[in-house]
Protein chains: 2
Amino acid sequence: MTSKLADIAEYTGLSISTVSRVVNGHTRKYRISDKTKDLILSAANELNYRPNALARGLRLKKSHSIGLVVPDISNPFFAFVTRIIQNYAHSSGYSLIVCNTDESIDSEKEQIELLLSKGVDGFIIMPVGIESAHIEELLKENYPMVLLDRCFESLNTNSVLVDNYMGSYTATEHLISLGHRDIAIILGLKNTYTTNERLRGYKKALEDHNIIVNSNYIVGKDYRIENGYIETKFLLNLETRPSAIFTTSDLITVGALKAIYEENLKISEDISIVAFDDSEFAPFLKSPLTAIRQPKEIMGEMAVKLLLADINSNKSDLEKSKIVLKPKLIIRESVSDKRVLAVI
Amino acid sequence: MTSKLADIAEYTGLSISTVSRVVNGHTRKYRISDKTKDLILSAANELNYRPNALARGLRLKKSHSIGLVVPDISNPFFAFVTRIIQNYAHSSGYSLIVCNTDESIDSEKEQIELLLSKGVDGFIIMPVGIESAHIEELLKENYPMVLLDRCFESLNTNSVLVDNYMGSYTATEHLISLGHRDIAIILGLKNTYTTNERLRGYKKALEDHNIIVNSNYIVGKDYRIENGYIETKFLLNLETRPSAIFTTSDLITVGALKAIYEENLKISEDISIVAFDDSEFAPFLKSPLTAIRQPKEIMGEMAVKLLLADINSNKSDLEKSKIVLKPKLIIRESVSDKRVLAVI
DNA sequence: TTAATTTGCGCAAAGGTTTGCACTAATATA
DNA sequence: TATATTAGTGCAAACCTTTGCGCAAATTAA
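Predicted model, so just to flag it, every value in this text is computed and none were measured. (Residues numbered from 1 in each chain as written. Chains lettered and ligands numbered in written order. Predicted model: local features only at pLDDT ≥ 70, side-chain atom pairs only at ≥ 80, totals over all residues. Heavy atoms only, no water.)

**Student:** Sorry if this is basic, but what is going on with the overall build of chain A here?
**Tutor:** Scanning chain A from N- to C-terminus turns up 13 helices and twelve strands. Relative to a compact globule of 344 residues, whose C-alpha radius of gyration would be 20 Å, chain A shows 26 Å and is clearly more extended. If you line up chain A on its principal axes, its C-alpha atoms span 95 × 40 × 30 Å. Split into buried and exposed, the 344 residues of chain A put 57% on the buried side. Sequence separation of 24 or more characterises 72% of the internal contacts of chain A that already satisfy a separation of 6 or more. With an accessible surface of roughly 15,100 Å², chain A has 50% of that area assigned to carbon and sulfur atoms. (Helix = DSSP H or I, 4+ residues; strand = E, 2+ residues; numbered from the N terminus. Rg over C-alpha atoms; globule rule 2.2 N^0.38 Å. Buried < 20%, exposed > 50% of the residue type's maximum accessible area, 1.4 Å probe, protein only. Contact = heavy atoms within 4.5 Å. Areas by Shrake-Rupley, 256 points an atom, 1.4 Å probe, with all protein chains shown as cover.)

Spelled out as C-alpha cells, the structure:
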C-alpha cells in the first residue's frame, strides 16, 4: 500500500512539514538534523511513500507534464519525432501527455482545452494548420509553447521547422536537372503553412527553369494513404501523363506506389518519384526511393529544448526562437535520367 | 484569463457548491433551479471557466488519464497501436500519458512509478518482459491494467495478445511447404514470453516435418535494426547458409534487408524471407514481403475496452480476460519455391 | 548568570474541487 | 392556524502538498 506524508509523520512522530522538506531534499535550507533526515527517509522507504503528483501540482501550479499534440502518431515521421520528444522530456523530468488530432481542427481545439485543464506546463504542437485563433489564445496567455514541423506566418511563436520551401525546390530541381518537365506534385492538407511552402518551392523551381506550371499537375488535399492513391490514379490517367511525381509525405508516397503498381507501371522507367520524408524502408523498395530527408532527431530535441527554456524563463521576455532546419536530398533510383535518352 | 469556481460564485453571488453542481451537470440531483443554472452557466462562459483537473483528481481520486507504456513508439507496429489506443481512450474521456521504455526494464519500472505518482486510473503496458515483479505489484494492489502484445505466463492479468506460437508455426510451415529446410530465425528480446512463443512455434513446425533444428540458425537478441543487420550478416556468412530467414519484427526485417543487399544477394532467388509484422511498405519492396500480419486495430481497441471495464468494475471480481488474436499470413514474393527446382 | 544567537522543527494557510449534511423559506397537509 | 414536506442553497471538511513564519530549546557570547 502506498502512503502519504501524514503517514510518515505519524510513524516517526514528526510533523508533516518536516517530512515534506526531507523527502524533497530541502534539508539544508530548513536545517533538518541528519538524525531526523535518516529517520524520515527510512520510514518513507518502509511505508512505501509515493508523492501525489496531483496534490503537488495543485499546490505548486506545476505538473511536470507537457502536452504533445500531433496530427497522426502512426505516421512514421511523427512517430519518430514523438519518441525523441518523449525520451528527452523524460530525462528532463517531464511526462508527455500525447494527443492525436487526426488532422481535425476541432479535435485540436478540444485537446488543447483538455491539456489546459490538466495543467500541463507547456505545449509542443504540430498544428493542423488551417486555423490559428486557439493557438494565438495560448500565446496571449503566455503559455510556454513551441510549434513543431508546421507554423503560422502570422504568429510570432517558438517554432522548429524544416525549410519546406527549400526541400521542395531541391526536389523539383533535381527532377528538372534530370530532364523532367512534366512534374506533378501531390500536396498534403490545403491552406496550411507547410503545404503553401512546399507548393511555393515547387513553383519557383519550375519558373526558374522556364517551365510553365500546369495546374492539372498540382493535386492532393491531405496526408493519408488514400489521398496519395487517388491523386496518383488521377495523374496517371491524364492524357498527358506527368513523367515525374513529387509526393509530399510518407503516407502519400505509399498511396502513390500502390496506384503505380496497380497500373502496371515501373518506377523510374515509366514514372519517376521523389518523396518528402525518408522512410527506413526507402532503400529497399522495388525502386529505391529518392527522398528528402528531414532531420527528425534534431527537430524533436530542439523542440523540447526550446520548450524547457520557455517554461523556465520569466514570462516577460518575449524573445521567440524560430529555428529552421535544412532537409537533405537523398538520391536513390526512383528518378529516371531523361537526358540520356535525349542525347542518344 | 481562466477562472475558477470561486470566481463564478462571487460573480453570481451564489456559493461555490452550487456552482460546482451546475458545471458538473448535477442540477437534477441537487434540485438547482433553472434560473440559477442558467445564470451560472452563462457566467461560466463569460468568465472562461476551465475546471482544474488536478484539484478535481485530487478530490475524486480519479484523474481520467491512463498510462501507456510502450517499448519503442517509433516502431511502426507500436506507433499504430498507440494511435488506436489514443483515439479510443480519448473518445471515452481519457487522456494518455505515454511512456517509452526503449526496452529497458529499469526505465519501465521507473516510468510505472511515475505514472502511479501522477495518479493514472489504469495502465496499458507492453512490457519489456524479462522481469515481472513490478507488474505483479500493480496486480496485487488491484490497479486496473492490461498487458498488450506481451504477457507473462506466470501472471494472471488482463491481456490481449496475438497467437505468437501459431504465427511463428505458420510462417515456418509456409517455408517448409515451399521446400525450405535450412531455415533460420532472428529473434527479438531474449527470455521474454513473446520470443519464447515464437521460438516454440518455429521449433515445433520443424519437428513436425522431421527437420532437425540447427542451433546456429537461431539467433538474435533484441528488436532493433542493428540486431537484424548483424545477425543476418552472420547467417549469410555461415558455411552452410540458410535458404530462408524468418525475421521476427519490422525493424529486424529492415536490418536484414540491409545486410542482404549489402551482400549483393537477391531476395527469393538467393535467400527467402518471411517477416513477423506487416508494414505499409511491404508490398512495394524490391521483393514484396511475405509477412505475418497482426490485427493491430483490434489489439488497440480491445486493450482499451478491457481496461475501461477493469476501471469501472468493483475491484472484488477477479475475472481477468486473456484475449488471444489470430495473426494472418500474407503471401507475397519474398519466398522462393524450391520444389519447382527439385521437380524440374 | 543573563542576553543574544542559532538550531531544529511545527502551525496553519493555501491551492481548486466535491459532497454529506444542515439550514431556510416556501408550499402543502391536517 | 399549526405542522409536515419540499425546494433550493450554503457550510465545511476532505483530498495531499508546500512553505512563510514563528517558537522553543540549545548553544554561544558577554
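That covers the picture; the talk isn't over yet.
**Student:** I'm lost on the protein's contact with DNA strand C in this one. Help?
**Tutor:** Around DNA strand C, the structure places 31 residues, and the nearest of them are Thr18(A), Thr36(A), Lys4(B), Ser20(B) and Arg59(B). Sugar plus phosphate, as a fraction of atoms of DNA strand C within 4 Å of the protein: 57%. A distance of 2.7 Å separates a phosphate oxygen of DNA strand C from a polar side-chain atom of Ser15(A). Note that a phosphate oxygen of DNA strand C is positioned 3.4 Å from one of the backbone N or O atoms of Asn52(B). (Near = heavy atom within 4 Å. Polar contact = N/O pair within 3.5 Å; in protein donor to acceptor, adjacent residues only side chain to side chain.)

**Student:** Is there a simple way to think about the pairing of strand E8 (residues 244-247) of chain A in this case?
**Tutor:** The two faces of the sheet receive side chains in turn, since in a regular strand these alternate between them. Residues and elements named next belong to chain A. The side-chain alternation of E8 yields two buried faces, one formed by Ala-244 and Phe-246 and the other by Ile-245 and Thr-247. Where strand E6 (residues 183-186) and E8 come together, four bridges link them in parallel fashion. Bridge assignment links Ile-186 to a residue of E8, and that residue is Thr-247. As defined by bridge partners, E8 adjoins strand E9 (residues 272-276) across four bridges and the pair is classed as parallel. When the bridges of E9 are listed, Phe-246 appears paired with Val-274. The parallel pair E8 and E9 is bridged by helix H11 (residues 250-262), and the resulting crossover is right-handed. (Pairing = 2+ DSSP bridges. Right-handed = clockwise from strand over helix to strand, strands pointing away.)

**Student:** Please clarify how the pattern of salt bridges should be interpreted in this entry.
**Tutor:** Proximity of charged atoms lets side chains of opposite charge pair with each other. Scanning all chains against the criterion turns up 36 salt bridges over all chains. Arg83(A) is the partner of Asp102(B) in a salt bridge, and the nearest nitrogen-oxygen pair spans 3.6 Å. In this pair, Asp102(B) sits in the loop between strand E2 (95-100) and helix H6 (105-117) while Arg83(A) sits in helix H5 (residues 76-91), so the two residues belong to two different chains. With a relative accessible area of 37%, Asp102(B) lands in the partly exposed category. Taking the shortest distance from any N to any O, the salt bridge between Lys221(A) and Asp222(A) comes out at 3.3 Å. Residue classification places Lys221(A) among the partly exposed residues on the basis of a relative accessible area of 44%. For Asp222(A), a relative accessible area of 11% translates into the label buried. (Salt bridge = Lys/Arg side-chain N within 4 Å of Asp/Glu carboxyl O.)

**Student:** When you look at the sheet that holds strand E7 (residues 218-219) of chain B in this model, what are you seeing that I'm missing?
**Tutor:** Residues and elements named next belong to chain B. A sheet is described by the order of its strands in space; here six strands give the open sequence E7-E6-E8-E9-E10-E12, paired in mixed fashion. With one partner strand each, in any of the chains shown, E7 and strand E12 (328-330) form the two edges of the open sheet. Its contacts with the sheet put helix H9 (residues 193-208) on strand E6 (183-186), E7 and strand E9 (272-276), and the angle it makes with E6 is roughly 175°. Most of the contacts of helix H10 (residues 225-236) go to E6, to which it runs at about 155°, and overall it touches E6, E7 and strand E8 (244-247). (Axes fitted to C-alpha atoms, helices over the stretch in contact; angles between N-to-C directions.)

**Student:** What should I look at first to understand the interface of chain B and chain A in this one?
**Tutor:** By a frequent convention, interface size equals the accessible area lost on bringing the separate parts together. Of the residues lining the interface, 53 residues belong to chain B; the matching set on chain A comes to 53 residues. Carbon and sulfur atoms make up 60% of the surface buried where chain B meets chain A, a total of about 4,900 Å² over both sides. Considering only the surface of chain B that becomes buried against chain A, Leu54(B), Phe281(B) and Phe284(B) emerge as the three largest contributors, covering 16% of it. Counting the contacts that link chain B with chain A gives six salt bridges. For Asp72(B), the salt bridge goes to Arg83(A), with nearest N and O atoms at 3.7 Å. The set of elements that each furnish at least two residues to the side of chain B that touches chain A consists of helix H4 (53-60), helix H5 (76-91), E2, H6 and helix H11 (250-262) of chain B. Broken down by element, the residue count for the side of chain B that touches chain A peaks at seven residues, all from H5(B). (Buried area = accessible area lost by both parts, 1.4 Å probe.)

**Student:** Could you clarify how one ought to interpret the nonpolar core in this entry?
**Tutor:** A general trend in soluble globular proteins is that nonpolar side chains are found buried together. Membership of the largest hydrophobic core comes to 154 residues, with the highest contact counts inside it found for Ile124(A) and Ile124(B). Contacts of Ile124(B), omitting those with residues within four sequence positions, involve Ile66(B), Gly67(B), Leu68(B), Val69(B), Ile85(B), Val146(B), Leu148(B), Ala303(B), Val304(B) and Leu307(B). In terms of nonpolar packing, the next biggest core, distinct from the first, is built from 37 residues, Tyr193(A), Cys99(B), Ile112(B) and Val120(B) among them. (Core = buried A, V, L, I, M, F, W, Y, C linked by side-chain atoms within 4.5 Å.)

**Student:** In this structure, what is going on with the protein's contact with DNA strand D? I would like to understand it.
**Tutor:** Around DNA strand D, a shell composed of 30 residues is seen, among which Ser20(A), Arg56(A), Arg59(A), Tyr30(B) and Thr36(B) lie nearest. In DNA strand D, the atoms that sit within 4 Å of the protein are 61% sugar and phosphate, with bases accounting for the remainder. For DNA strand D, a base oxygen lies 3.3 Å from a polar atom in the side chain of Ser17(A). Within the contact set of DNA strand D, a base oxygen lies 3.3 Å away from a side-chain nitrogen or oxygen of Arg21(A). Sorting the residues of the surface near DNA strand D by element identifies helix H2 (16-23) and helix H4 (53-60) of chain A together with helix H2 (16-23) and H4 of chain B as the ones contributing at least two each. Among the residues forming the surface near DNA strand D, the class breakdown is eleven nonpolar, ten polar and nine charged. (Nonpolar A, V, L, I, M, F, W, Y, C, P; charged D, E, K, R; others polar.)

**Student:** Hey, could you run me through the domain arrangement of chain A in this one?
**Tutor:** Its domain assignment divides chain A into domain 1 (5-51), domain 2 (63-162 + 296-325) and domain 3 (164-294 + 329-343). Distance between the C-alpha centres of domain 1 of chain A and domain 3 of chain A: 63 Å. (Domains from an automatic or database assignment.)

**Student:** For this particular structure, what's the right way to read the relation of the copies chain B and chain A?
**Tutor:** Applying a rotation about an axis and a shift along it to one chain copy brings it onto the other copy. When chain B is fitted to chain A, the best match, at an RMSD of 0.1 Å, comes from turning it 180° and sliding it 0.0 Å along the axis. Seen this way, the second copy is the image of the first under a two-fold rotation axis. (Least-squares fit on C-alpha atoms with pLDDT ≥ 70 in both.)

**Student:** What is the right way to read the packing of aromatic side chains from this model?
**Tutor:** Aromatic ring pairs are defined here through the distance separating the ring centres and the angle between the ring planes. Per the stated rule, a full pass over the model turns up eleven aromatic pairs over all chains. When the centroid spacing of 6.0 Å and the interplanar angle of 15° are considered together, the rings of Phe284(A) and Tyr261(B) count as stacked. Taken together, the residues span two chains, with Phe284(A) in the loop between E9 and strand E10 (290-293) and Tyr261(B) in helix H11. Owing to a relative accessible area of 8%, Phe284(A) belongs among the buried residues under this scheme. Seen in terms of ring centroids, Phe123(B) and Tyr143(B) are 6.3 Å apart; in terms of plane orientation they differ by 90°. Their pairing is edge-to-face. (Phe/Tyr/Trp six-rings, centres within 6.5 Å; stacked < 30°, edge-to-face > 60°.)

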